[in-house]
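Listed here are the chains, written in short residue letters.
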Amino acid sequence: HTLVAAEGRELIGTSSFCRGRMAEMSDFGEVISIYFLPEYMGKGYGKLLLEAVTKELAQLGFDNIYLWVLADNDNARRFYKKFGFLESGRSREDTIGGKQLREIQYCYRI
């Protein structure tokens, strides 16, 4: 599933979400991504989009949500914590764009 954020006619952000893709967390909803154009970050749009995503996942029957965030993305980590997501204690190494990166899992209960 995908939701988009718009200001007027301009698409400024997007979020993808689904049933948890990890076998052991298939009863969770998963936020795969939230992206915004840089000039719209920090203006409250992310909160609105994440609220819409959690509402959609709740309507799909999920009480719990998880997502992965890059360990060195302090802004995103603060954003998710402020929203109410908590670190689960899980992390993973992933190769993105040819670079080895560490991701941390956050969970949220609706």
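Here's a quick rundown of the structure. (Residues numbered from 1 in each chain as written. Predicted model: local features only at pLDDT ≥ 70, side-chain atom pairs only at ≥ 80, totals over all residues. Heavy atoms only, no water.)

Right, let's get into the nonpolar core. Within the largest apolar cluster, 24 residues are counted, with the highest numbers of intra-cluster contacts made by Val31, Phe36, Tyr80 and Phe85. Sorting the residues of this core by element identifies strand E2 (10-19), strand E3 (29-36), helix H1 (45-59), strand E4 (64-70), helix H2 (74-83) and strand E6 (99-109) as the ones contributing at least two each. When residues of this core are assigned to their parent elements, the largest contribution, 5 residues, is made by H1. Among the nonpolar cores identified, the runner-up in size contains 6 residues, and Met22, Met25, Tyr66 and Cys107 belong to it. (Core = buried A, V, L, I, M, F, W, Y, C linked by side-chain atoms within 4.5 Å. Buried < 20%, exposed > 50% of the residue type's maximum accessible area, 1.4 Å probe, protein only. Helix = DSSP H or I, 4+ residues; strand = E, 2+ residues; numbered from the N terminus.)

The next point concerns the packing of aromatic side chains. Under the counting rule described, the total for this entry stands at 7 aromatic pairs. Centre to centre, the rings of Phe83 and Tyr108 are 5.4 Å apart; their planes meet at 50°, and the pair counts as tilted. Separated by 25 residues along the polypeptide, Phe83 in helix H2 and Tyr108 in strand E6 bring together distant segments of the chain. With relative accessibility at 17%, the residue Phe83 sits in the buried group. The ring of Trp68 has Arg92 sitting right over it, with the charged end atom 4.1 Å from the ring centre. (Phe/Tyr/Trp six-rings, centres within 6.5 Å; stacked < 30°, edge-to-face > 60°. Lys NZ or Arg CZ within 6 Å of the ring centre and 35° of its normal.)

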